[in-house]
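Residues per chain are reported as follows:
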Amino acid sequence: MKILFLVYHGFSDHSGISKKIHYQVKGLRENGHEVHLCYYDFSPEGHRCRYVDNEVIADYGTGMMAGLYQRLDYAAICQYCLVHHIELVYARCFQNANPILIRFFKKLRKAGIHAVTEIPTYPYDTEFKNFEWKMRVGLKIDQLFRNSLYPLMDAVVTFSDAEEIFGQRTIRISNGVDFESIPLHHLQPAASSSSLHLIGVAEVHPWHAFDRLIAGIGEYESQKSDQQPDVYFHVVGGVHPSHMNNVFKPLLDKYQIHDKVIFHGQLFGDALTEVFNQCQFAIGSLGRHRSGITVIKTLKNREYATRGIPFIYSEQDSDFDMQPYVMKAPADESPIDIQKIVDFVRRFTMQPADIRKTVEHLTWKNQMQKVIDKLSRYTD
């Protein structure tokens, strides 16, 4: 099948989302499909451009009007699909439903080109409550038009358990993993029983609720005996200054645990692996309930399992809820009980390679083929 994978933004070498999209494209290609990646970026001359596979298909120039055209012009994409006989457009939701996008997908449908949109997080409205006003205005536009946009799809791809989203049937899959890109966890021999090191990898948002973990460390450290291990939390990823100052810093000050929480910033490759190998346990999302989400299959849980490190999270995830290497936190605002993590790690004997084996079925190759197989049944 000839597929256009449509992304409404550009890529960053440091973005987990960017890496995920490239792994999805790779997974489709591994199943024998011809896949072309369409995205937005700047040319070396600074022009705003639409690309397909590194080739410019629309040059919008520079300045304010170029930015507007980039957001509103889909003619070049439609023409590319027609000329290159694209059979399926796989789009990734950018919360950007609007009349022009609706017209674009109507043209695709009229031309006999199938379309699906992946909605990575559902529901997503609550996630915008603390975002800047421009993004909240964009959400309002999306809310006005999304119930007209999604009926034009053949299906919506979701990582939730929702059977229908915005009036459209769903194809339910899991976030996948790319085994070649994630090394197996090797705990350094120097890791001592006198300390426990935890790692949380994220571009930190309120729904990660790392504040619950920090508060838990504060409570634990204020009550522990000399025989209990010191607990350290390694935060890897970006933290917005307002979140640091308004959420994390007050807790660090309150409990006087500045030395127990280490902010590494963004790390990749060997530098990230080095921090992982200092740690015995990983931290997933602890506050998806803050966004009104109960069920979600996050990418981070799968990456932790692929590395082979035990972890904790608070949402419902059927791929992991009953696994022996997982702890479940309550989906509320209580501080995380650190002593329970200490006890869990002390008893834990499962090897990283055995944890990794449990997610062999969650490769992107398998997950993306599920989309194609289900879509074939819908469109036959």
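In the block above lies the structure referred to throughout.
Calculation notes
- Residues numbered from 1 in each chain as written.
- Predicted model: local features only at pLDDT ≥ 70, side-chain atom pairs only at ≥ 80, totals over all residues.
- Heavy atoms only, no water.
- Buried < 20%, exposed > 50% of the residue type's maximum accessible area, 1.4 Å probe, protein only.
- Helix = DSSP H or I, 4+ residues; strand = E, 2+ residues; numbered from the N terminus.
- Pairing = 2+ DSSP bridges.
- Right-handed = clockwise from strand over helix to strand, strands pointing away.
- Axes fitted to C-alpha atoms, helices over the stretch in contact; angles between N-to-C directions.
- Parallel < 35°, antiparallel > 145°, perpendicular 65-115°, else oblique.
- Left-handed = near helix turned anticlockwise from the far one by under 90°.
- Contact = heavy atoms within 4.5 Å.
- 1 Å grid on protein atoms, 1.4 Å probe; cavity = no way out; pocket = protein on both sides within 12 Å on 5 of 7 lines; lining within 4 Å.
- Points joined across faces, edges and corners; volume = space filled by probe spheres on them.
- Core = buried A, V, L, I, M, F, W, Y, C linked by side-chain atoms within 4.5 Å.
- Phe/Tyr/Trp six-rings, centres within 6.5 Å; stacked < 30°, edge-to-face > 60°.
- Salt bridge = Lys/Arg side-chain N within 4 Å of Asp/Glu carboxyl O.

Draft legend 1. Representation of the pairing of strand 10 (residues 195-201) in the model. Burial runs high along strand 10: 7 of the 7 residues are buried. The side-chain alternation of strand 10 yields two buried faces, one formed by Ser 195, His 197, Ile 199 and Val 201 and the other by Leu 196, Leu 198 and Gly 200. Where strand 10 meets strand 11 (residues 230-236), 7 bridges bridge the pair, whose relative direction is parallel. Within strand 11, the position partnered with Leu 196 by the bridge is Val 231. In this fold, strand 10 hands off to helix 6 (residues 210-223), which returns the chain to strand 11; that crossover is right-handed. Pairing of strand 10 with strand 13 (residues 281-283) involves 2 bridges; the strand directions are parallel. Each residue of the ladder has a partner; that of Leu 198, found in strand 13, is Phe 281.

Draft legend 2. Spotlight on the packing of helix 4 (residues 99-110) against helix 5 (residues 133-149). Contact geometry of helix 4 with helix 5 gives a least axis separation of 9 Å together with a crossing angle of 15 degrees. With respect to helix 5, the element helix 4 is oriented roughly parallel. Helix 4 and helix 5 meet at a crossing whose hand is right-handed. Contact with helix 4, carried on its side by Pro 99, Leu 101, Ile 102 and Phe 105, involves Phe 145, Ser 148 and Leu 149 of helix 5 and no other residues of that element.

Draft legend 3. Broad picture of unusual backbone geometry. Residue Pro 123 is bonded to the preceding Tyr 122 through a cis peptide linkage, with omega at -5 degrees. Structurally, the position occupied by Pro 123 is in the loop between strand 6 (114-119) and helix 5. Here Gln 95, not a glycine, exhibits a phi torsion of approximately 50 degrees, which is positive. With respect to the element layout, Gln 95 can be found in the loop between strand 5 (88-92) and helix 4. Residue Gln 95 is classed as partly exposed on the basis of its relative accessible area of 21%.

Draft legend 4. A look at empty space enclosed by the protein. In the structure shown here, the tally under the stated rule is 1 cavity of 30 Å³ or more. Computed from the structure, the largest cavity encloses a volume of approximately 30 Å³. What lines the largest cavity is simply Tyr 8, Cys 93, Asn 96, Leu 101, Phe 105, Thr 117, Leu 149 and Tyr 150.

Draft legend 5. Looking closely at the sheet that holds strand 12 (residues 261-265). Spatial strand order, 12-11-10-13-14-15: 6 strands in an open sheet with parallel pairing. Edge positions in the sheet fall to strand 12 and strand 15 (326-328), since each of these pairs with one other strand and no more. The mean angle between the axes of side-by-side strands here comes to 25 degrees, regardless of whether they run parallel or antiparallel. Of the strand pairs in this sheet, strand 14 (residues 311-313) and strand 15 are connected by 3 bridges, and their pairing is parallel. Its bridge partner lying in strand 15, Ile 312 is registered against Met 327.

Draft legend 6. Just the nonpolar core, in detail. Counting 36 residues, the largest nonpolar core has Leu 4, Val 89, Phe 104 and Phe 105 as its most contacted members. Mapped onto this core, the elements with two or more residues apiece are strand 1 (2-6), helix 3 (75-83), strand 5, helix 4, strand 6 and helix 5.

Draft legend 7. Just the packing of aromatic side chains, in detail. On inspection of all chains with the given rule, the structure shows 21 aromatic pairs. Aromatic pair Tyr 150 and Phe 166: ring centres 5.4 Å apart, planes at 40 degrees, arrangement tilted. One end of the pair, Tyr 150, is in the loop between helix 5 and strand 7 (155-158); the other, Phe 166, is in the loop between strand 8 (164-165) and strand 9 (168-172), and 16 residues separate them in sequence. Comparing Tyr 150 with Phe 166 shows no difference in burial state: the two are buried.

Draft legend 8. View of the pattern of salt bridges. Throughout the structure, instances matching the rule amount to 20 salt bridges. One salt bridge connects Lys 2 with Glu 34, and the closest N-O pair in it is separated by 3.8 Å. With Lys 2 in strand 1 and Glu 34 in strand 2 (residues 34-42), this residue pair connects regions lying 32 residues apart in the sequence. Among the residues examined, Glu 34 registers a relative accessible area of 38% and is labelled partly exposed. Between Asp 211 and Arg 290 there is a salt bridge; the shortest N-O distance is 2.8 Å. Here Arg 290 lies in the loop between strand 13 and helix 9 (299-307) and Asp 211 lies in helix 6, a separation of 79 residues in the sequence. Given the relative accessible area of 14%, Asp 211 is considered buried. Via salt bridges that share partners, Lys 297, Arg 302, Asp 317 and Asp 319 belong to a single interconnected network.

Draft legend 9. Region of the structure containing the sheet that holds strand 1. Across the sheet, which stays open at both edges, the 9 strands sit in the order 4-3-2-1-5-6-7-9-8 with mixed pairing between neighbours. Since the sheet does not close on itself, it has two edges, and those belong to strand 4 (55-61) and strand 8, each with one partner. In the sheet, strand 6 pairs with strand 7 via 4 bridges, with the strands oriented parallel. When the sheet's bridge partners are listed, Ile 119 is paired in strand 7 with Thr 158. Contacts from helix 2 (residues 64-72) reach strand 2, strand 3 (48-52) and strand 4, with the element oriented near 135 degrees to strand 4.

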